[in-house]
Amino acid sequence: GVRRSCLDAAHLAESSNPNEEALSYYRKALELMGNRTANNLESWIAIKKSLINLNLITGHFSDALAIAGELLPMVEDRLEKAKLYKSIGVGHFRQGSLRDCISNLMIALKSLDFKFPASDAEMAVMLHSLKASVMFTGSDITKTKASSSGESMRRDSDISEEDKVI
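Reference entry: report on the structure contained in this document. This one's a predicted model, so the numbers in the text were calculated from it and none came from an experiment.

So, how was this worked out
- Residues numbered from 1 in each chain as written.
- Predicted model: local features only at pLDDT ≥ 70, side-chain atom pairs only at ≥ 80, totals over all residues.
- Heavy atoms only, no water.
- Helix = DSSP H or I, 4+ residues; strand = E, 2+ residues; numbered from the N terminus.
- Expected span 1.5 Å × (residues − 1).
- Buried < 20%, exposed > 50% of the residue type's maximum accessible area, 1.4 Å probe, protein only.
- Arc of directions from axis to C-beta.
- Contact = heavy atoms within 4.5 Å.
- Axes fitted to C-alpha atoms, helices over the stretch in contact; angles between N-to-C directions.
- Parallel < 35°, antiparallel > 145°, perpendicular 65-115°, else oblique.
- Left-handed = near helix turned anticlockwise from the far one by under 90°.
- Nonpolar A, V, L, I, M, F, W, Y, C, P; charged D, E, K, R; others polar.
- Salt bridge = Lys/Arg side-chain N within 4 Å of Asp/Glu carboxyl O.
- Phe/Tyr/Trp six-rings, centres within 6.5 Å; stacked < 30°, edge-to-face > 60°.
- Lys NZ or Arg CZ within 6 Å of the ring centre and 35° of its normal.

This part covers helix 6 (residues 98-111). Given a rise of 1.5 Å per residue, 14 residues ought to cover 20 Å, and the 20 Å separating the end C-alpha atoms of helix 6 matches this to within 8%. Listed in full, the buried residues belonging to helix 6 are Cys-101, Asn-104 and Ala-108. Here the buried residues of helix 6 occupy an arc of 80 degrees about the axis, which is enough to place them on one side. Elements in contact with the buried residues of helix 6: helix 5 (78-95). Within two residues after helix 6, Asp-113 carries a phi angle of roughly 65 degrees, on the positive side.

On to the packing of helix 4 (residues 61-71) against helix 5, then. Where helix 4 contacts helix 5, the two axes come as close as 9 Å, and the packing angle between them is 155 degrees. It follows from the interaxial angle that helix 4 and helix 5 lie roughly antiparallel. Between helix 4 and helix 5 lies a crossing whose hand is left-handed. Contacts between helix 4 and helix 5 pair Phe-61, Ser-62, Leu-65, Ala-68, Gly-69 and Leu-71 from the former with Leu-84, Ile-88, Gly-91, His-92, Arg-94 and Gln-95 from the latter. Its residues assigned to classes, the contact of helix 4 with helix 5 comprises 6 nonpolar, 5 polar and 1 charged.

This part takes up helix 3 (residues 41-58). Between its first and last C-alpha atoms helix 3 spans 25 Å; for 18 residues at 1.5 Å apiece the expected length is 26 Å, and the two agree. Every buried residue of helix 3 is accounted for by Trp-44, Ile-45, Ile-47, Lys-48, Ser-50, Leu-51, Ile-52, Leu-54, Asn-55 and Leu-56. Of the residues trailing helix 3, Gly-59 is marked for its positive phi of about 90 degrees.

The next point concerns the packing of helix 3 against helix 5. Between helix 3 and helix 5, the least distance of the axes is 10 Å, while the angle of their chain directions is 20 degrees. By the angle between their axes, helix 3 is roughly parallel relative to helix 5. Pair helix 3 / helix 5 crosses with left-handed handedness. For the pair helix 3 and helix 5, the contacting residues are Lys-49, Ile-52, Asn-53, Leu-56 and Ile-57 in the first and Glu-80, Leu-84, Ser-87, Val-90, Gly-91 and Arg-94 in the second. When the residues that make up the contact of helix 3 with helix 5 are grouped by side-chain class, the tally is 5 nonpolar, 3 polar and 3 charged.

As a further point, take the pattern of salt bridges. One pass over the structure, following the stated rule, counts 6 salt bridges. Residues Glu-31 and Lys-28 are paired through a salt bridge, measuring 3.3 Å at the closest nitrogen-oxygen approach. Pair noted here: Glu-31 and Lys-28 are both in helix 2 (residues 19-33), with a separation of 3 residues, about one helical turn. According to the relative accessible area criterion, Glu-31 is exposed, its value standing at 56%. Residue Lys-28 is classed as partly exposed on the basis of its relative accessible area, which comes to 35%. Each member of the salt-bridge network shares a partner with another, and the members are Lys-49, Glu-80 and Lys-83.

Before going further, it helps to examine the packing of aromatic side chains. Counted according to the given criterion, the structure contains 0 aromatic pairs. For Arg-36, the ring lying beneath its charged end belongs to Trp-44, and the centroid distance is 4.6 Å.

One can find Asn-104 in helix 6. Judged by relative accessible area, which is 11%, Asn-104 ranks as buried. Ignoring sequence-local partners within four residues, the contact set of Asn-104 consists of Tyr-85, Ile-88, Gly-89 and His-92.

Okay, structure coming up:
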């Protein structure tokens, strides 16, 4: 019915990149869905996950954090829980809260049995290695690995929305 149409419109809007429009359709679909029940729980969680990603993309970080926090107790799968903690970490990073960012990203990694370095020296080596392999720029151009024909460039528009969130 109408809820299905809202979901279809949200998916279409999201794929064509008017993210604010997709947000409004997902919110409307939730409203039309009514209360969360055992029958609609899977759809409800899927919509909430889409809202998290879209809120992170559009700069609505507090909304993304609130929704992820709401979903955490409902998700039992380790990978799905790690993805939620990653989203929370990204939201905190984008808000400028590095301590909360790192804390949540570490929880995500630990939930996947990531083994952290045992000593500060090992951690320093790991962080130095990460720093050397990752460059952040303030513009909309991201450098990729140099190719044989010289240094290649790509614009943010060439990067999937999901990769931008990571």
